[in-house]
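Here is what each chain is made of, one letter per residue.
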Amino acid sequence: MDLFDTFTHHSSVRDFQPRPLSKELKQKLVTVAQSGSSSNFVQAYSIIEVSDPEKLAEIEKLAGAPNYITRTGVFYLFVADLHKHQQLLTQAGLPDTHLTTMEPFIVSVVDTTIAAQNMVAYAEAQDLGICYIGGIRNDLPRIAELVGLPKLTFPLFGLTIGYPQHRNEPKVRLPQEAIVSVDQYQPLTQEQTAQYNQTTEAYYAQRSRNQQQTNWQTKMTEFFREPRRPDVAAFMKQQGFSDHFGE
Ligand SMILES: Cc1cc2nc3c(=O)[nH]c(=O)nc-3n(C[C@H](O)[C@H](O)[C@H](O)COP(=O)(O)O)c2cc1C
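Per an unreviewed UniProt entry, the protein goes by Nitroreductase and derives from Enterococcus innesii. Its UniProt record gives the protein a comment under Sequence similarities (unreviewed entry), which states: "Belongs to the flavin oxidoreductase frp family."

Next comes the structure, spelled out in structure tokens:
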């Protein structure tokens, strides 16, 4: 399949065959992840393959991802990681003050995400299915404990990859005019919103599994009317990031 078709046929897979990926394939996935760009070449991420069935079962439960973490090909945790840079500074006899602030944190989040999405693109080009698992952030302290995360690390998301049992129909994205503009930012117009609500309503009503009567605007307003994981800030402090995120 042409790479354009691979990208535009993406849909998250939540139902896999119970078939592990080979060692060679896993090595390739990590190689492509590592081949992505990295801000100032900091390479500020770690990838942890979770293979212990008990840990997988616990993560699956806390992330609310029924069966698609224990029954998959491989499950990775993607960790924004400035701990290794802290080690380098300590070895050099220098303080880590400038590692704990907002900018390096953003750098590590971007690096980690680029690595993950490289892995995803390669996996999908091999006809594998994937699903990111942000649900791991439902219990950050427990995740940190389960895999022994040190200071200045932050588990961003999981990634489950395997041979699909079922593929969902791709979701229609926002129209390009709603996200691309030239020279000047453009907010959403009411017309774009109404149009996209109609498109997404039809998608949710007609898809082959988990049909719902809803649309994008309803989903978004329901999602953001509640606080989203307010304990993230406390966890970051626990991990050694600056509590006010300034210098
Ligand atoms: C960072 C991130 C975290 C996600 N976390 C979850 C998750 O915990 N559980 C889940 O079922 N899907 C998760 N997803 C998948 C999204 O729900 C999905 O990408 C989105 O609904 C668009 O659907 P599609 O990927 O099928 O196109 C996550 C996606 C991203 C990018």
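S.K.: What should I look at first to understand the site of the ligand in this one?
M.R.: In the vicinity of the ligand, the contacting residues are His10, Ser11, Ser12, Arg14, Tyr68, Cys131, Tyr132, Ile133, Gly134, Gly135, Lys171 and Arg173. Between the ligand and the protein, one listed contact pairs an oxygen atom with a side-chain N or O atom of His10 at 2.6 Å. Take Arg173: an N or O atom from its side chain is 2.9 Å from an oxygen atom of the ligand. Tallied by class, the residues present in the shell around the ligand amount to 4 nonpolar, 5 polar and 3 charged.

S.K.: Would you take a moment to explain the environment of Phe41 for this structure?
M.R.: With respect to the helices, strands and loops of the structure, Phe41 is situated in the loop between helix H2 (23-34) and strand S1 (45-49). The class for Phe41 is exposed, based on a relative accessible area of 62%. For the pair Phe41 and Asp111, spaced 70 residues apart in the sequence, the C-alpha separation amounts to 9.1 Å.

S.K.: Please explain the pairing of strand S3 (residues 129-133) as it appears in this structure.
M.R.: The side chains of a regular strand alternate between the sheet's two faces. Here S3 lies mainly inside the structure; 4 of its 5 residues are buried. Relative to strand S4 (residues 153-162), S3 runs antiparallel, the two being bridged by 5 bridges. If you follow Ile130 over to S4, its bridge partner there is Ile161.

S.K.: What's the story with the UniProt feature "domain: Nitroreductase" (unreviewed entry) in the protein in this structure? I'm lost.
M.R.: Here, the residues flagged by UniProt with the feature "domain: Nitroreductase" (unreviewed entry) are residues 11-163. Secondary structure across residues 11-163 comprises 42% helix and 18% strand; the distance between its end C-alpha atoms is 13 Å.

S.K.: Would you take a moment to explain the packing of H2 against helix H5 (residues 102-125) for this structure?
M.R.: Each packed pair of helices is defined by two parameters, the angle between the axes and the distance between the axes. Between H2 and H5, the shortest axis-to-axis distance is 7 Å and the interhelical angle comes to 135 degrees. As far as their axial angle goes, H5 and H2 are oblique. The hand of the H2/H5 crossing is right-handed. Of the residues in H5, those in contact with Leu25, Lys28, Leu29, Val30, Val32 and Ala33 of H2 are Ala115, Asn118, Met119, Tyr122 and Ala123.

S.K.: Got a minute to help me understand the side chain of Gln192 in this structure?
M.R.: Position of Gln192 relative to the elements: it lies in helix H8 (residues 190-206). Judged by relative accessible area, which is 16%, Gln192 ranks as buried. Not counting chain neighbours up to four residues away, the residues in contact with Gln192 comprise Glu177, Ala178 and Pro187.

S.K.: How should I be thinking about the pattern of salt bridges in this particular structure?
M.R.: Between side chains of opposite charge, pairing is possible as soon as their charged atoms come close. Counting across every chain of the model gives 7 salt bridges. The salt bridge partner of Asp15 is Arg209, with a shortest N-O separation of 3.1 Å. Of the two residues, Asp15 sits in the loop between helix H1 (3-8) and H2 while Arg209 sits in the loop between H8 and helix H9 (216-224), which places them 194 residues apart along the sequence. Across the pair Arg142 and Glu145 runs a salt bridge, and its minimum N-O distance is 2.6 Å. In this pair, Arg142 and Glu145 both sit in helix H6 (residues 140-147), 3 residues apart, roughly one turn of the helix.

S.K.: Would you mind showing me how to read the sheet that holds S1 here?
M.R.: Two pairing modes exist for strands in a sheet, parallel and antiparallel, and in both the strands are linked by backbone hydrogen bonds. Within the open sheet, the 4 strands sit side by side as S1-S2-S4-S3. Their pairing is antiparallel. With partners counted over all chains shown, the strands left at the sheet margins are S1 and S3, one partner each. Averaged over all adjacent pairs, the angle separating strand axes in this sheet is 25 degrees, with direction ignored. Here helix H4 (residues 83-91) sits on the sheet and contacts S1, strand S2 (74-81) and S4; the angle it forms with S2, its principal contact strand, is near 45 degrees.

S.K.: Sorry, what's going on with the packing of H8 against H9 here?
M.R.: H9 packs onto H8 with a crossing angle of 95 degrees between their chain directions and a minimal axis gap of 7 Å. Considering the angle they form, H8 stands roughly perpendicular to H9. Residue-level contacts link Thr193, Tyr196, Asn197, Thr200 and Tyr204 of H8 to Trp216, Gln217 and Lys219 of H9. Classifying every residue of the contact of H8 with H9 gives 3 nonpolar, 4 polar and 1 charged.

Thresholds, definitions, all that
- Residues numbered from 1 in each chain as written.
- Predicted model: local features only at pLDDT ≥ 70, side-chain atom pairs only at ≥ 80, totals over all residues.
- Heavy atoms only, no water.
- UniProt positions renumbered as here; feature names shortened; annotations may be inferred.
- Near = heavy atom within 4 Å.
- Polar contact = N/O pair within 3.5 Å; in protein donor to acceptor, adjacent residues only side chain to side chain.
- Nonpolar A, V, L, I, M, F, W, Y, C, P; charged D, E, K, R; others polar.
- Helix = DSSP H or I, 4+ residues; strand = E, 2+ residues; numbered from the N terminus.
- Buried < 20%, exposed > 50% of the residue type's maximum accessible area, 1.4 Å probe, protein only.
- Pairing = 2+ DSSP bridges.
- Axes fitted to C-alpha atoms, helices over the stretch in contact; angles between N-to-C directions.
- Parallel < 35°, antiparallel > 145°, perpendicular 65-115°, else oblique.
- Left-handed = near helix turned anticlockwise from the far one by under 90°.
- Contact = heavy atoms within 4.5 Å.
- Salt bridge = Lys/Arg side-chain N within 4 Å of Asp/Glu carboxyl O.

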